[in-house]
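Structure at a glance
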Amino acid sequence: MENVHKIEDDLYYVQHPTRPGWFCGITVVVGADSLGLVDTGYANTPEEYLLPFLEEIGRSPQEITTVYNTHGDGDHIEGNAAVKKLSGAQFACYTSEAEAIRNVDLSLSDGQTIALGDRTFTVIHCPGHRQGNSCLFDKESSLLIAGDTIVGTRRELIRIGTEPYVASLRRILNLSPATVVMSHPFDPAGKNVLRGAEISAMVEASITIAQSGA
Ligand SMILES: [Zn+2]
């Protein structure tokens, strides 16, 4: 499917195109007996983009057991209601973001873990885009699901301040992830799945842009 990016054997990014060159979407972790999601896109994203993908891989939305929301912006949480209707999933997020997201079953602190599919992710609190913004890091495969933590040229999305934002990006560099999945194709990367040297290039460019004051 052209709007689905297979990242690893059990990990996919389902894109919902919103305008030329831009998309939001859902990260899907496909476990042996369960499915985990990170973010749910807009209200129509689950039905229009997620369901056709699950059908394609022969899985049912009822297998979705857990949904993690990286932060409370509309393009990341408006699909929650639809996913709730389709499944018995529990919804989780970082503690201080629970109020903005609403109907959260599980509030997690920095360093706590959450299972999605057959993977275990650690919650990494990364303020900058929002105060309660967070990432999920899978140590075993060195994979970071970043949401909107790294915004590249979109300086207006650094809502909390340059200092916490840059500190969050330095923390990401210290994790040295092998793969980073962003929610949107932020420039200068121009795509949302980054590997190897692309990661430090994008994160360091984002730090420079944030500090430039331009
Ligand atoms: Zn977003």
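Look above for the structure.
For the structure given in this document, a descriptive report is provided here. All values derive from a computational prediction rather than experimental measurement.

So, on to the sheet that holds strand β12 (residues 179-182). Strand order in the open sheet formed by 6 strands is β8-β9-β10-β11-β12-β13, and the pairing between neighbours is mixed. Two strands in the sheet have a free side with no partner beyond their single neighbour: β8 (113-116) and β13 (193-195). Geometrically, the sheet is characterised by an average inter-axis angle of 25° between neighbouring strands, direction not taken into account. Of the pairings in the sheet, the one linking strand β11 (residues 143-147) to β12 comprises 4 bridges and is parallel in character. Counterpart to Leu 143 in the pairing with β12 is Thr 179.

It is worth spelling out the environment of Thr 179 at this point. On the secondary structure map, Thr 179 appears in strand β12. When the 19 C-beta atoms within 10 Å are taken as the criterion, Thr 179 is described as partly exposed. In sequence terms Thr 179 and Leu 194 are 15 residues apart; their C-alpha atoms lie 5.7 Å from each other. Not counting residues up to four positions away in its chain, the partners in contact with Thr 179 are Ile 7, Ser 142, Leu 143 and Arg 195.

On to unusual backbone geometry. Across the chain, the bulk of peptide bonds are trans and the bulk of non-glycine residues have phi less than zero. The step from Asp 187 to Pro 188 runs through a cis peptide bond, and the omega angle for that step is 5°. In this fold, Pro 188 is placed in the loop between β12 and β13. With a phi angle near 45°, Ser 176 is a residue other than glycine that sits in the positive phi range. Of note, Ser 176 is situated in the loop between α5 (162-175) and β12.

With 14 residues, α5 extends 20 Å between its outermost C-alpha atoms, agreeing within 8% with the 20 Å of an ideal straight helix rising 1.5 Å per residue. Every buried residue belonging to α5 is among Tyr 165, Ser 168, Leu 169 and Ile 172, and all of these are buried. Viewed along the axis of α5, the buried residues span an arc of 95°, placing them on a single side of the element. Looking at α5, the residues exposed on the side facing more than 90 degrees away from the buried face are Glu 163, Arg 170 and Asn 174. Buried residues along α5 sit in contact with β11 and α6 (197-212). Downstream of α5 by a residue or two, Ser 176 has a phi angle that is positive, lying close to 45°.

For α6, spanning 16 residues, the distance from its first C-alpha to its last is 22 Å, which sits close to the expected 22 Å at 1.5 Å a residue. Burial in α6 covers these residues: Ile 199, Met 202, Val 203, Ser 206 and Ala 210. Around the axis of α6, the buried residues are gathered within 95° of arc, so they sit on the same side. Pointing more than 90 degrees away from the buried face of α6 are the exposed residues Ala 197, Thr 208, Gln 211 and Ser 212. Buried residues along α6 sit against α5, β12 and β13.

It is worth spelling out the packing of α5 against α6 at this point. As a packed pair, α5 and α6 sit with axes 10 Å apart at the nearest point and diverge in direction by 165°. Here α5 is positioned roughly antiparallel relative to α6, judged by the angle of their axes. By crossing handedness, the relation of α5 to α6 is classed as left-handed. Facing Thr 162, Tyr 165, Val 166, Leu 169, Ile 172 and Leu 173 of α5, the residues of α6 in contact are Ser 200, Val 203, Ser 206, Ile 207, Ala 210 and Gln 211. When its residues are assigned to classes, the contact of α5 with α6 shows 8 nonpolar, 4 polar and no charged.

This part takes up the nonpolar core. A general trend in soluble globular proteins is that nonpolar side chains are found buried together. Counting 57 residues, the largest nonpolar core has Val 28, Leu 37, Cys 135, Leu 136, Leu 144, Ala 146 and Ile 150 as the members making the most contacts within it. Those residues within four positions of Leu 144 in sequence are excluded, and the remaining contacts are Cys 135, Phe 137, Ile 172, Leu 175, Pro 177 and Val 180.

Within the secondary structure, Phe 91 sits in strand β6 (residues 90-94). Taking the C-alpha atoms as reference points, Phe 91 and Val 38, separated by 53 residues in sequence, lie 9.8 Å from one another. If near-sequence neighbours (up to four positions away) are discounted, Phe 91 is found in contact with Val 67, Asn 69, Asn 80, Asn 103, Val 104 and Asp 105.

Cut-offs applied
Residues numbered from 1 in each chain as written. Predicted model: local features only at pLDDT ≥ 70, side-chain atom pairs only at ≥ 80, totals over all residues. Pairing = 2+ DSSP bridges. Helix = DSSP H or I, 4+ residues; strand = E, 2+ residues; numbered from the N terminus. Axes fitted to C-alpha atoms, helices over the stretch in contact; angles between N-to-C directions. Buried ≥ 20, exposed ≤ 12 C-beta atoms within 10 Å, placed from the backbone. Contact = placed C-beta atoms within 7 Å. Expected span 1.5 Å × (residues − 1). Arc of directions from axis to C-beta. Parallel < 35°, antiparallel > 145°, perpendicular 65-115°, else oblique. Left-handed = near helix turned anticlockwise from the far one by under 90°. Nonpolar A, V, L, I, M, F, W, Y, C, P; charged D, E, K, R; others polar. Core = buried A, V, L, I, M, F, W, Y, C linked by C-beta atoms within 7 Å.

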